[in-house]
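One letter stands for each residue in the lines below.
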Amino acid sequence: MDLTLLVVLVIALALIFDFTNGFHDTANAMATPIATGALRPKTAVALAAVLNLVGAFLSTEVAKTISGGLIREGDGGLQITPVMILAGLIGAIVWNLVTWLLGLPSSSSHALFGGLIGAAIVGAWSFGPIDGAVLVSKILIPAVLAPVLAGTVSYLATKIAYGITRKRQRDGFKVGQVFTSSLVSLAHGTNDAQKTMGVITLTLIAAGMQPVGTGPQFWVIVACAIAIAAGTYSGGWRIIRTMGRGITEGIEPAQGFSAEAATTATILASTHLGFALSTTQVASGSVIGTGIGRKGASVRWKTAGRIGLGWLITIPAAGTVGALMAFIAGLVWWGVIVDVVLASAAILTIWLLSRRGTVEAGTFHQPEPTAFVRPKRKKKRSRR
Amino acid sequence: MIDWMAFVTVAVAALLAAGLLVTVFALALRVGDSPTPVRKAASLVLYGVCAFIVLFGIFLIVPALHDPLGL
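Residues numbered from 1 in each chain as written. Chains lettered and ligands numbered in written order. Predicted model: local features only at pLDDT ≥ 70, side-chain atom pairs only at ≥ 80, totals over all residues. Heavy atoms only, no water.

## A word on the overall build of chain B
Applicable threshold: A run of H or I in DSSP counts as a helix once it spans at least four residues, and a run of E counts as a strand once it spans at least two, with each numbered from the N terminus. The quantity called the radius of gyration is restricted to C-alpha atoms. Its globule counterpart is 2.2 Å times the number of residues to the power 0.38. Only protein chains enter the accessibility calculation, which uses a 1.4 Å probe; a residue whose area is less than 20% of its type maximum is buried, one above 50% is exposed, and one in between is partly exposed. Here, Shrake-Rupley sampling with a 1.4 Å probe gives the accessible areas, and only protein chains in the shown set may cover a residue.
What chain B contains, in helices and strands, is 3 helices and 0 strands. Starting at the N terminus, the α and β elements of chain B follow one another as α-α-α. A globule of 71 residues ought to have a C-alpha radius of gyration of about 11 Å, yet chain B, at 17 Å, is considerably larger. Relative to its 71 residues, chain B shows a buried fraction of 41%. A total of about 4,000 Å² of accessible surface is found on chain B, and carbon and sulfur atoms cover 82% of it.

## Overview of the packing of helix α4 (residues 82-101) of chain A against helix α13 (residues 335-354) of chain A
All names here are of chain A. Selection criterion: Whenever a helix is involved, its axis is fitted only over the stretch in contact; in every case the axis is a line through C-alpha atoms, and angles between N-to-C directions fall within 0 to 180 degrees. Each angle gets one of four labels, with under 35 degrees taken as roughly parallel, over 145 as roughly antiparallel, 65 to 115 as roughly perpendicular, and the rest as oblique. Any pair of residues with heavy atoms lying within 4.5 Å of one another is described as a contacting pair. Classification convention: Asp, Glu, Lys, Arg as charged; Ala, Val, Leu, Ile, Met, Phe, Trp, Tyr, Cys, Pro as nonpolar; all other residues, Gly among them, as polar.
For the pair α4 and α13, the least separation of the axes is 10 Å and the interaxial angle reads 10 degrees. When the interaxial angle is binned, α4 and α13 end up roughly parallel. Here V83, L86, I90, I93, V94, L97, V98, W100 and L101 of α4 come into contact with α13, specifically with V336, D339, V340, A343, A346, I347, I350, L353 and S354. Here the residues of the contact of α4 with α13 are counted per class, giving 16 nonpolar, 1 polar and 1 charged.

## Some details on the nonpolar core
Using the following cut-off: The definition of a nonpolar core used throughout is a set of buried Ala, Val, Leu, Ile, Met, Phe, Trp, Tyr and Cys residues joined through side-chain atoms within 4.5 Å.
Core analysis: the biggest nonpolar cluster contains 74 residues, and A:L86 and A:L89 have the highest contact counts within it. Among the elements that line this core, the one with the most residues is helix α1 (residues 3-36) of chain A, at 14 residues. For A:L86, the contacting residues outside a window of four places in its chain are A:L6, A:L9, A:V10, A:L13, A:V336 and A:D339. In terms of nonpolar packing, the next biggest core, distinct from the first, is built from 19 residues, A:A146, A:L149, A:I267 and B:V10 among them.

## What to know about the interface of chain B and chain A
Selection criterion: Buried area, as used here, totals the accessible surface that two parts lose on assembly, with accessibility defined by a 1.4 Å probe and the loss added over both. When a carboxyl oxygen of Asp or Glu lies within 4 Å of a side-chain nitrogen of Lys or Arg, that pair is called a salt bridge. Contacts described as polar in this section are N or O atom pairs within 3.5 Å, which, within protein, must combine one atom able to donate a hydrogen with one able to accept it, while residues neighboring in sequence count only if both atoms come from side chains.
Of the residues lining the interface, 37 residues belong to chain B; the matching set on chain A comes to 43 residues. Around 3,400 Å² of area is buried between chain B and chain A when both sides are counted, 79% of it from carbon and sulfur atoms. At the boundary of chain B with chain A, the tally comes to 1 salt bridge. With a shortest N-O distance of 3.0 Å, A:R168 and B:D33 are connected by a salt bridge. For the interface between chain B and chain A, the tally reads 4 residue pairs in polar contact (both at pLDDT 80 or more). Taken together, the elements giving at least two residues each to the side of chain B that touches chain A come down to α1 (4-32), α2 (37-61) and α3 (63-66) of chain B. Taken together, the residues that form the side of chain B that touches chain A break down as 24 nonpolar, 7 polar and 6 charged.

## Points about helix α5 (residues 108-124) of chain A
Residues and elements named next belong to chain A. Cut-off, in case you're wondering: Expected helix span is computed as 1.5 Å times (number of residues minus one).
For α5, with 17 residues, the first-to-last C-alpha span of 24 Å sits near the 24 Å given by 1.5 Å per residue. Put simply, S107 is the residue that caps the front of α5, since its side-chain oxygen is 3.3 Å from the backbone nitrogen of S109. Two residues or fewer after α5 comes W125, characterised by a positive phi angle close to 55 degrees.

## Considering the pattern of salt bridges
Residues and elements named next belong to chain A. Scanning the model with the defined rule gives 4 salt bridges over all chains in all. Across the pair R294 and E252 runs a salt bridge, and its minimum N-O distance is 3.2 Å. Remark: E252 occurs in the loop between α9 (237-246) and α10 (253-272) and R294 occurs in the loop between α11 (279-293) and α12 (301-331); sequence separation between them is 42 residues. In this structure R294 comes out as buried when scored by relative accessible area, which is 15%. Note on E252: relative accessible area 29%, which makes it partly exposed.

## Re the packing of aromatic side chains
Just so we agree on the cut-off: Pairing of aromatic side chains requires ring centres within 6.5 Å, counting the rings of Phe and Tyr and the six-membered ring of Trp. Pairs whose planes differ by under 30 degrees are stacked, by over 60 edge-to-face, and all others tilted.
A complete count under the given rule lists 9 aromatic pairs over all chains for this structure. Plain terms: the ring middles of A:F173 and B:F25 are 5.6 Å apart, the flat faces sit at 40 degrees to each other, and that makes the pair tilted. Of this pair, A:F173 sits in helix α7 (residues 173-206) while B:F25 sits in helix α1, which puts the two residues in different chains. Take A:F173: its relative accessible area is 0%, and that puts it in the buried class. The class of B:F25 is buried, set by a relative accessible area of 7%.

## Quick notes on the confidence of the model for chain B
All names here are of chain B. Here is the rule: Note: pLDDT gives the predictor's confidence per residue, expressed from 0 to 100.
Per-residue pLDDT for chain B has a mean of 84; in total, 93% of the residues score no lower than 70. The weakest mean pLDDT in chain B belongs to α3 at 74; the strongest belongs to α1 at 89. Interface confidence in the predicted complex, given as ipTM, is 0.90; pTM for the same model is 0.84.

## Description of the environment of A:V10
Residue and element names in this part refer to chain A. Residue position: V10 is located in helix α1. For the pair formed by V10 and M209, sequence separation is 199 residues and the distance between their alpha carbons is 14 Å. Look past the residues within four positions of V10 in its chain and what remains in contact with it is P82, I85, L86, L89 and T203.

## What to know about the side chain of A:S108
Residue and element names in this part refer to chain A. Along the chain, S108 turns up in helix α5. By relative accessible area, which is 1% here, S108 ends up buried. Discounting residues that sit within four places of it in the chain, S108 has contacts with F17, N21, H24, D25 and N96.

## As for the side chain of A:H110
Structurally, A:H110 can be placed in helix α5. Setting aside anything within four residues of it in sequence, one finds A:H110 in contact with A:I139, A:S278, A:Q281, A:T314 and A:I315.

## Re a nonpolar patch on the surface
All names here are of chain A. Rules: The residues that make up patches have over 30% relative accessible area and no salt bridge, and they are joined within 9 Å when like-charged or within 5 Å when they are Val, Leu, Ile, Met, Phe, Trp or Tyr.
There is a patch of nonpolar side chains on the surface, built from L5, W125, F327, L331, V332, W333, W334, I337 and V341 and spanning about 990 Å² of accessible area. Topologically, L331 is positioned in helix α12. Of the residues examined, L331 reaches a relative accessible area of 58% and is grouped as exposed.

Right under this line is the structure:
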């Protein structure tokens, strides 16, 4: 297999993954402002896209943990090859698309880890390269802690918000929502585009096209920033629907603000105080928490359960696809081509299936379709 | 294994930060809902505090701000 062609294929797949990462995660920031009518659906995704684009340029620390964390390199481990990265990426893309089709918010990072783990297992023909203890402590336990913590924070924030304000004052929370959700988007851009940049840089280094120990090249940063922003703008409406309406019905502005505040606070605390949590899991937990926090609101535990099940099988599912792809790639020299053809077929099939019942910006009925939030003129009415 | 201390730190920090932001913003809405100029001014101050909290969030997100040397 020609190395240059292989590198080109990996870069193309990495950018496709970045795109799916974008539209998968729009919901984390924008589901609640869309649900409460704080932002129009199109405005919300445009804002998220711009912030992701900006965010991608803000940070240049390479996400080397992509390969370093779970997969043992060097002595007793194995060399990560471009073929393994390609197989892992296909696993991640396919799983991201399947969960999008089902409208399930799931972690794109976990999909990527899963895909790479699967490919690495086949590459070594043993479970040796996988660090089981790291898998439990970095992925499984945080997956339980993230929603529980975010849910608790969000629950208390909701209680505070409803305790302090009177009913007619609560529309003002819409203005606040714009800011809190923007913070989530910006934080997402600085983190998630990094992962793809890291993958592409690793591939270039592995192929000997870039010196060892150097950061991402400028064109890589630009390409990743554009891919994640485009993905965000395309707006995974199915997931936005689940997060904004599926988990708990009729989110009010005060709830949206509380949930977003909880999400922002939890994510920023986790990145800066050294306990990594998945943005998707935090955001989902916040929505559940605010659903419990308001009197009269209810949480659809069946939907929440489906989402939790999705999280459990993300790594094995993406891993299985990644392993299969790595297996095919290892059989014959043109195996990589077969992989790419299979991946394209899978993407096309999922896209065709999604055409059966489209969910788009227009699908969202908003409570008050205001162009943007304007402070409401005071009504001369006696206090209730 | 699991760094429980780090988790507790994160949990406390997240609770305090989110609680503070929601409390201040909600108070700003509550206090501002009045025609008296004093309460209007108080409400503006509270919104200012919220803006400060948001700026701190941006400070934490942008590495060039909190970590200019890339340490």
